[in-house]
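Overview (structure and organization)
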Amino acid sequence: MSETIERWKGRNETKDALRRSVWGALETSGAAIDSPWSRIPNYVGAEDAAARLAALPAFAAARIVKANPDPAQIPIRRRALEAGKLLYAPVPELVKPFPFVALDPEDLARRGIALADAARSEVFVEIGTPIDFRAMQPMDFIVVGCVAVTAAGGRTGKGGGFADLELGIFRELGLVPDHAPIVTTVHDLQVVADERIVMLGHDQPLDWIATPTRLIETKTAYADPTGVAWDLVQADQYAGIPFLADLRRDLEARASRSAPFPRA
């Protein structure tokens, strides 16, 4: 068995226990590819899950797709590029001065870069076009990484808060139109009972979940967050994400400028 490292444990003990249970189940069952611990796990059947997700009409109609950078989502990133879609992919853990790269299939073809290679994070961070949140276009299909999900649309990531932070920023900038579903691909072992994930106001629910064996439309009753819960951003996130403090100041300044004048 691999070493059971839990990098972000301690922020929510209930979710810590759930993640531990899922990571352990993936490992002991043999479903995990490489160590699942402290990450969005890769798993046997990821290609099948991506095929189910790509069969959605919303994916076919999408012009711009955003997808998380983890190995389990390589197949859906590759499918987006092969379908000619503009792909936004984040720098893993947002550790560079720029948060995302843009990958244009036509540009990649001109440069002789194989789409299968460009779908991998170690490649796209180097060959993609760096892009700031404020320069991004509204997205049509948004793929997030998950450690555990529920059929009711609940989700939790690996504990670092990156997905909720990204989506909160997108919403504050008006980059998530009403037609854009929030989706994921996971192993069947990552789908847990509804009551095992308690969703808070800043947590982003899912619209669709694809596994190697099924496609789940959640028809979620959870509300979408409206922006970033800045009071919940951790000190280590500010320390580890180079642009975050500056972006917060900019977003708060924009909100202040757009606020209505108080009535006399």
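Here, every reference points to the structure presented above.
Residues numbered from 1 in each chain as written. Predicted model: local features only at pLDDT ≥ 70, side-chain atom pairs only at ≥ 80, totals over all residues. Heavy atoms only, no water.

A few points about the pairing of strand β5 (residues 100-103)
Under the convention used in this document: Relative accessibility decides the category of a residue: with a 1.4 Å probe and only protein chains considered, values under 20% of the type maximum give buried, values over 50% give exposed, and everything between is partly exposed. Numbering of helices and strands runs from the N terminus, with a helix taken as a DSSP run of H or I at least four residues long and a strand as a DSSP run of E at least two residues long. Strand pairing requires that DSSP identify at least two bridges connecting the strands.
Residues Phe-100 and Ala-102 of β5 are buried on one face, and the alternating residues Val-101 and Leu-103, pointing to the opposite face, are buried as well. Taken together, the 4 bridges between strand β4 (residues 86-90) and β5 define a ladder with antiparallel strand orientation. Within the sheet, the bridge partner assigned to Ala-89 lies in β5 and is Val-101. Pairing of β5 with strand β6 (residues 129-131), which is carried by 3 bridges, proceeds in the antiparallel orientation. Residue pairing across strands places Ala-102 opposite Thr-129, the latter belonging to β6.

Focus on unusual backbone geometry
Despite not being glycine, Asp-34 shows a phi value in the positive range, around 65°. Its place among the elements puts Asp-34 in the loop between β1 (32-33) and β2 (42-43). Positive phi values are uncommon outside glycine, yet Lys-219 reaches one of about 50°. Using a relative accessible area of 68% as the deciding quantity, one classes Lys-219 as exposed.

Observations regarding the sheet that holds β4
Our working definition: To obtain an axis, a line is fitted to C-alpha atoms, over the contacting stretch when the element is a helix, and the angle between two such axes runs from 0 to 180 degrees between their N-to-C directions. Pairs of residues are marked as contacts when any of their non-hydrogen atoms sit within 4.5 Å.
Sheet architecture is open: 8 strands sit in the order β6-β5-β4-β3-β7-β10-β12-β13, paired in mixed fashion. One side of each edge strand has no neighbouring strand; the edge strands of this open sheet are β6 and β13 (215-217). On average, adjacent strands in this sheet sit at an angle of 25° to one another, irrespective of strand direction. Examined bridge by bridge, strand β3 (residues 64-67) and strand β7 (residues 141-143) share 3 bridges and lie parallel to one another. The residue bridging Lys-66 from the neighbouring strand is Ile-142, located in β7. Where helix α2 (residues 46-54) meets the sheet, its contacts fall on β7, β10 (182-185), β12 (208-210) and β13, and the angle it forms with β10 comes to roughly 155°.

Quick notes on the pairing of β10
Of the two faces of β10, the one lined by Ile-182 and Thr-184 and the one lined by Val-183 and Thr-185 are each fully buried. Bridge count between β7 and β10: 2 bridges; the pairing is parallel. When the sheet's bridge partners are listed, Ile-142 is paired in β10 with Ile-182. Alignment of β10 against β12, held across 3 bridges, turns out to be parallel. Across the sheet, the residue bridging to Thr-184 is Ile-209, located in β12.

What to know about the environment of Phe-141
With respect to the helices, strands and loops of the structure, Phe-141 is situated in strand β7. Residue class for Phe-141 comes out buried when judged on its relative accessible area of 0%. Along the sequence, Phe-141 and Pro-177 sit 36 residues apart, while their C-alpha atoms lie 9.6 Å from each other. In contact with Phe-141, not counting residues within four places along its chain, are Leu-53, Leu-56, Ala-58, Phe-59, Ala-62, Ile-64, Val-65, Lys-66, Ala-180, Pro-181 and Val-183.

Concerning the packing of α2 against helix α4 (residues 74-82)
What counts here: To sort the angles, those under 35 degrees are grouped as roughly parallel, those over 145 as roughly antiparallel, those from 65 to 115 as roughly perpendicular, and the leftovers as oblique. Crossing chirality is assigned from the near helix's rotation relative to the far helix, an anticlockwise turn below a right angle marking it left-handed and a clockwise turn marking it right-handed.
Running from N to C, α2 and α4 cross one another at 45°; their axes reach a closest spacing of 8 Å. On the basis of the axis angle, α2 is oblique to α4. Judged by the twist between their axes, the crossing of α2 over α4 is right-handed. Across the interface between the two elements, Ala-46, Glu-47, Ala-50, Ala-51, Leu-53 and Ala-54 of α2 pack against Pro-75, Ile-76, Arg-78 and Arg-79 of α4.

So, to be careful, I would describe these as geometric facts and stop short of saying anything about function.
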